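Here are the chains, one letter per residue:
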Amino acid sequence: MTTEDTTTETVAEESSNDPTNDDMLIQTDVSESVSASGTESTRTIVESRNVNVWYDDDQALQDISMEIPENQVTAMIGPSGCGKSTFLRCINRMNDLIDAARVEGELYLGGKNVYDADVDPVALRRRVGMVFQKPNPFPKSIRENVLYGLKVQGIEVDEDEIVEQSLRRAALWDEVKDRLDESGLELSGGQQQRLCIARAIAPDPEVLLMDEPASALDPIATSQIEDLIDDLAEQYTVVIVTHNMQQAARISDKTAVFLTGGELVEFDDTQKIFENPESDRVEDYITGKFG
Amino acid sequence: MGADNLDDSLTTQTENSPRELLARSFFFVCAFVSILTTVGIVFVLVTEATTFFSETAGLRGVTGPTVSIVDFLTGTEFSIASEQFGVLPLLSGTLAIVVGAAVIALPLGVATAIYLSEYADPQTRKYLKPALEILAGVPTVIYGYFAVEYITPLLERYLFPDIGFFNALSASIVVGIMIIPMVSSISEDAMSAVPDDLREAGYGMGATKFDVSTGIVVPAAISGIFSSFILAISRAIGETMAVTIAAGASPKLVEFGTVGAGPVSVPYPDPAYFLEPIQTMTSAMVQLLFSDITGGGVAYRSLFGIGITLFVITLIMNVLSDWVASRYQEDYD
Ligand SMILES: Nc1ncnc2c1ncn2[C@@H]1O[C@H](COP(=O)(O)OP(=O)(O)OP(=O)(O)O)[C@@H](O)[C@H]1O
Ligand SMILES: [Mg+2]
């Protein structure tokens, strides 16, 4: 895997093509765009253009094009196996880790195609945090879990403060404040998931990808996480996969509906998707008529 | 299945059907035979050892010289000719081999395991891992020959012109090479068993491959890695052929120098020990066996005294290994 140094070199070499490209990969001059409903104007932070993904010979995503607005919550819904996780993992290039996976198309983060040869996936993932579908805390102490991202990124901080703040935001602080040195694996499944959320937000990513972060949580923790997401959307862009329609309707500004086969069927303001979708298939899916 | 024969289906005794009974008996007999063999060997070892120690020899009706347990364990001279049977020089030889081998094999073995598990592409791993394991199958006499014919001359030419023809250094180097596959193979298994979720979590946080390998995978696999260390060290302790050939047959207690002065002077073992011929517990046993092949003499009986000492050391290592494995085991479900 390339290190930051080599990337910087590559960038320097190729910067003639793209003179604005000095900060590793992403300039913050995000393009201006108008959302489909035309009611509100916002900047696009993540834009996919004709993204196709294959696992060996099976196509998991077909020609996905969408513009994810900055500082908003974008929900992805759709039946199991339709490619929501796959799309999420395209954004921070986690699919690079799967030998069988092949990604085609362009995916821009703040105007820079993250699949360009000069992009270092390590640097990318430092700016795009991720909470996985299955809780995966490290077999380390709760504190070390929260501080992991800062440690690998070499960021110096007031550790106690960051630990408390991140755990508070993830609605876990009260349950673990007296046992921060215990292993993260000793927590319950739902607590582990919240620990993973705390871990993901601790290093302050610009974009936070959340793959069903609330699937293992009770209603109280779920609503706390929803509050957190609301909160986060003031400063960060949140992309969240969920199977819970009410949740998507409650917390998101935009909703993308994927359907079986890896198609993006509709992408629009959440209100429009839930009240008056263009596509009958989307309407069927949302009202539960779709299998 | 209909509801009417539900009762029937619940009461059939599959547990005691002839087939199950036969299988159970077969497995029991196999287990019993191997346990019996082990118990038998230990029994022989213990009873033979009792003929050597003066404390117990009387009970066995042994006539002829014996050695007290204390003299045996604290004696600083081992000499068949003068009937001095102190185990310390041999223990010192064994320890030298173990330390030298561990210095080589533990870091190299773990590094190899990290490479195989984290860096090598599946194709490379597919060929490299079995190839390494072949290294473990080379007869150890070949390693002894290799030490004498190649390593010692190389050491003599380039590093230590005064090195003995037989010496602890070349023997410990080959024993180290011999146990690398054990460390790397068991450690690699432990690292491969670390769930990919954890690696993904690391990469997802912006960790590099190095961060993930050393900061996540190795700690998560640490119990397996420690077990591999202990097994490899046990193997080095018990290694016989290579050290008999390469290390020599001169029982010698390591000398100590001191660093510092007065109250803060700290003794340290003199590294020059590695350049001299020594003798390990195992190679002494080989020599004793040949020195009195008909048995009965004190030299022959001392073989079992050394044997039981080795056995106790290895037993402690095994217990330690189990303890380490359970102490550092992580549960991922
Ligand atoms: N590592 C992989 N190797 C091969 N195929 C995969 C892999 N991951 C996903 N797939 C396939 O890609 C398709 C999309 O999977 P993905 O995990 O993106 O679905 P999803 O929408 O997240 O489903 P869910 O709601 O169940 O999480 C599925 O058909 C799946 O079998
Ligand atoms: Mg998924």
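The rules behind these values
Residues numbered from 1 in each chain as written. Chains lettered and ligands numbered in written order. Predicted model: local features only at pLDDT ≥ 70, side-chain atom pairs only at ≥ 80, totals over all residues. Heavy atoms only, no water. Donors = N, O, S within 2.8 Å, 3.2 Å for Na, K, Ca; no water. Helix = DSSP H or I, 4+ residues; strand = E, 2+ residues; numbered from the N terminus. Buried < 20%, exposed > 50% of the residue type's maximum accessible area, 1.4 Å probe, protein only. Salt bridge = Lys/Arg side-chain N within 4 Å of Asp/Glu carboxyl O. 1 Å grid on protein atoms, 1.4 Å probe; cavity = no way out; pocket = protein on both sides within 12 Å on 5 of 7 lines; lining within 4 Å. Points joined across faces, edges and corners; volume = space filled by probe spheres on them. Core = buried A, V, L, I, M, F, W, Y, C linked by side-chain atoms within 4.5 Å. Contact = heavy atoms within 4.5 Å. Axes fitted to C-alpha atoms, helices over the stretch in contact; angles between N-to-C directions. Parallel < 35°, antiparallel > 145°, perpendicular 65-115°, else oblique. Left-handed = near helix turned anticlockwise from the far one by under 90°. Pairing = 2+ DSSP bridges. Patch = residues over 30% accessible without salt bridge, like charges linked within 9 Å, V, L, I, M, F, W, Y side chains within 5 Å. Areas by Shrake-Rupley, 256 points an atom, 1.4 Å probe, with all protein chains shown as cover. Phe/Tyr/Trp six-rings, centres within 6.5 Å; stacked < 30°, edge-to-face > 60°. Lys NZ or Arg CZ within 6 Å of the ring centre and 35° of its normal. UniProt positions renumbered as here; feature names shortened; annotations may be inferred. Buried area = accessible area lost by both parts, 1.4 Å probe. Polar contact = N/O pair within 3.5 Å; in protein donor to acceptor, adjacent residues only side chain to side chain. pLDDT = per-residue confidence, 0-100. Nonpolar A, V, L, I, M, F, W, Y, C, P; charged D, E, K, R; others polar. Domains from an automatic or database assignment.

Just checking my understanding: could you explain the coordination of the magnesium ion (ligand 2) for this structure?
Residue and element names in this part refer to chain A. Protein coordination of the magnesium ion (ligand 2) is provided by Ser85 (OG) and Gln133 (OE1), with donor distances spanning 1.9 to 2.3 Å. With Ser85 in helix H2 (residues 84-91) and Gln133 in the loop between strand E7 (128-131) and helix H4 (142-152), this pair connects stretches of sequence that are 48 residues apart. Given a relative accessible area of 39%, Gln133 falls into the partly exposed group.

I tried to follow the pattern of salt bridges on my own but got confused; where do I start?
A side chain of one charge can pair with a side chain of the opposite charge when the charged atoms of the two come close. Applying the stated criterion across every chain, the model contains 28 salt bridges over all chains. Of the charged contacts in the structure, one is a salt bridge between Glu164 of chain A and Arg168 of chain A, with a shortest N-O distance of 2.8 Å. Taken as a pair, Glu164 of chain A and Arg168 of chain A lie in helix H5 (residues 159-169) at a separation of four residues, close to a single helical turn. We classify Glu164 of chain A as partly exposed; its relative accessible area is 28%. For Lys129 of chain B, the salt bridge is made with Asp189 of chain B, and the minimal N-O distance between the two is 2.6 Å. With Lys129 of chain B in helix H6 (residues 122-135) and Asp189 of chain B in helix H8 (residues 168-192), this residue pair connects regions lying 60 residues apart in the sequence. Ionic contacts of the salt-bridge type, sharing partners, join the residues Glu47, Arg49 and Glu106 of chain A into one network.

How should the layout of surface pockets be read in this particular structure?
In this approach, a probe sized like a water molecule rolls over the atoms, and the result shows the empty space that is left. Roughly 590 Å³ of internal volume is contained in the largest pocket. Leu97 and Asp99 of chain A together with Glu118, Arg199 and Lys209 of chain B are, among the 18 residues lining the largest pocket, the residues nearest its centre. The element contributing the most residues to the lining of the largest pocket is helix H9 (residues 196-204) of chain B, with four residues.

Help me understand the nonpolar core, please; the structure alone is not making it clear to me.
As a rule of thumb, nonpolar side chains are buried together in soluble globular proteins. Formed by 113 residues in total, the largest nonpolar core has its most connected members in Met66, Phe87 and Phe258 of chain A together with Met191 and Ile306 of chain B. For this core, the element with the highest residue contribution is H8 of chain B, accounting for 12 residues. For Met191 of chain B, the contacting residues outside a window of four places in its chain are Val110, Ala113, Ile114, Ser117, Glu118, Arg199, Val217, Val218, Ala221 and Ile225 of chain B. Among the nonpolar cores identified, the runner-up in size contains 45 residues, and Trp173, Ala221, Ala233 and Ile251 of chain A belong to it.

Help me understand the packing of helix H13 (residues 281-291) of chain B against helix H14 (residues 298-327) of chain B in this model?
How two helices sit against one another is set out by the angle between their axes and by the gap between those axes. Residues and elements named next belong to chain B. Contact geometry for H13 and H14: axes closest at 9 Å, N-to-C directions at 155°. In terms of orientation, H13 lies roughly antiparallel with respect to H14. At the point where H13 passes H14, the crossing takes the left-handed sense. Seen from H13, the contacting residues are Met281, Thr282, Ala284, Met285, Leu288, Leu289 and Ser291; seen from H14, they are Ala299, Tyr300, Ser302, Leu303, Ile306, Gly307, Thr309, Leu310 and Ile313.

What should I look at first to understand the pairing of strand E8 (residues 207-211) of chain A in this one?
Consecutive residues of a regular strand have side chains that alternate between opposite faces of the sheet. Residues and elements named next belong to chain A. When you tally the buried positions in E8, you get five out of five residues, the bulk of the element. Residues Val207, Leu209 and Asp211 line one face of E8 and the alternating positions Leu208 and Met210 line the opposite face, and both faces are buried. Across four bridges, E7 lies against E8 in parallel orientation. Along E8, the bridge assignment pairs Gly129 with Leu208. In this sheet, strand E9 (residues 237-241) lies alongside E8 in parallel orientation, the contact comprising five bridges. Paired with Met210 across the two strands is Ile240, which belongs to E9.

Is there a simple way to explain a nonpolar patch on the surface in this structure?
Residues and elements named next belong to chain B. Together, Phe28, Val29, Phe32, Val33 and Leu36 line one region of the surface with nonpolar side chains, adding up to about 500 Å² of accessible area. Position of Leu36 relative to the elements: it lies in helix H2 (residues 18-50). For Leu36, a relative accessible area of 52% corresponds to the exposed category.

Can you help me understand the packing of aromatic side chains in this one?
The relation between two aromatic rings is expressed through the spacing of the ring centres and the mutual angle of the planes. Under the definition given, this model contains 13 aromatic pairs over all chains. Relative to Phe229 of chain B, the ring of Phe226 of chain B lies with its centre 6.1 Å away and its plane at 50°, an arrangement referred to as tilted. Of this pair, Phe226 of chain B and Phe229 of chain B both sit in helix H11 (residues 222-238), separated by three residues, roughly a single helical turn. One aromatic cluster in this structure is built from Phe52, Phe53, Phe72, Phe78 and Phe85 of chain B. Above the plane of the ring of Phe138 of chain A lies Arg199 of chain A, whose end atom (NZ or CZ) is 4.5 Å from the centre. A cation sits over an aromatic face here: Lys254 of chain A above Phe267 of chain A, 5.6 Å from the ring centre.

Please clarify how the UniProt feature "transmembrane region" (unreviewed entry) in chain B should be interpreted in this entry.
In the numbering used here, UniProt assigns the feature "transmembrane region" (unreviewed entry) to residues 21-46, 95-116, 163-183, 212-233 and 298-320 of chain B. Across residues 212-233 of chain B, helical content stands at 95% and strand content at 0%; the span's end C-alpha atoms are separated by 28 Å.

Before we go on, may I ask you to explain the interface of chain A and chain B in this structure?
Note: interface size is frequently given as the accessible area lost on complex formation between the parts. Taken together, the contact between chain A and chain B spans 26 residues of the former and 22 residues of the latter. Summed over both partners, the interface of chain A with chain B buries about 1,800 Å², with 63% contributed by carbon and sulfur atoms. The tally of links between chain A and chain B comes to two salt bridges. One salt bridge in this structure joins Glu200 of chain B and Arg89 of chain A, with 2.8 Å as the shortest N-O distance. Here chain A and chain B share six residue pairs in polar contact (both at pLDDT 80 or more) between them. Those elements that place two or more of their residues in the side of chain A that touches chain B are helix H3 (121-127), E7, H4 and helix H7 (189-201) of chain A.

Teacher, can you tell me more about the confidence of the model for chain B here?
Should the pLDDT be low somewhere, the predicted coordinates at that spot are not to be read in detail. Residues and elements named next belong to chain B. In the predicted model, chain B carries a mean pLDDT of 88, and 94% of its residues have values of at least 70. Confidence, read as mean pLDDT per element, is least for helix H1 (residues 6-11) in chain B (66) and greatest for helix H5 (residues 88-119) (95). This complex was scored by the predictor with a pTM of 0.82 and an ipTM of 0.82.

It is not clear to me how empty space enclosed by the protein should be interpreted in this structure. Could you clarify?
Overall, the coordinates contain one cavity of 30 Å³ or more when judged by the stated rule. Estimates place the volume of the largest cavity at around 40 Å³. Together, Arg125, Arg126, Val128, Gly129, Gln153, Ala200, Pro203 and Pro205 of chain A together with Gly204 and Met205 of chain B line the largest cavity. Looking at the lining of the largest cavity, the elements with two or more residues in it are H3 and E7 of chain A. For the lining of the largest cavity, a count of residues per class yields five nonpolar, three polar and two charged.

What is the right way to read the domain arrangement of chain B from this model?
All names here are of chain B. Split into domains, chain B comes out as domain 1 (2-52) and domain 2 (78-328). Across the contact, seven residues belong to domain 1 and nine residues belong to domain 2. Summed over both sides, the interface of domain 1 with domain 2 buries roughly 770 Å², with 84% coming from carbon and sulfur. By the criterion of area lost to domain 2, the three top residues of domain 1 are Leu45, Glu48 and Phe52, representing 65% of everything that side buries. The interface formed by domain 1 and domain 2 holds zero salt bridges in total. Run the count over domain 1 and domain 2 and you get one residue pair in polar contact (both at pLDDT 80 or more). By residue class, the composition of the side of domain 1 that touches domain 2 is five nonpolar, one polar and one charged.

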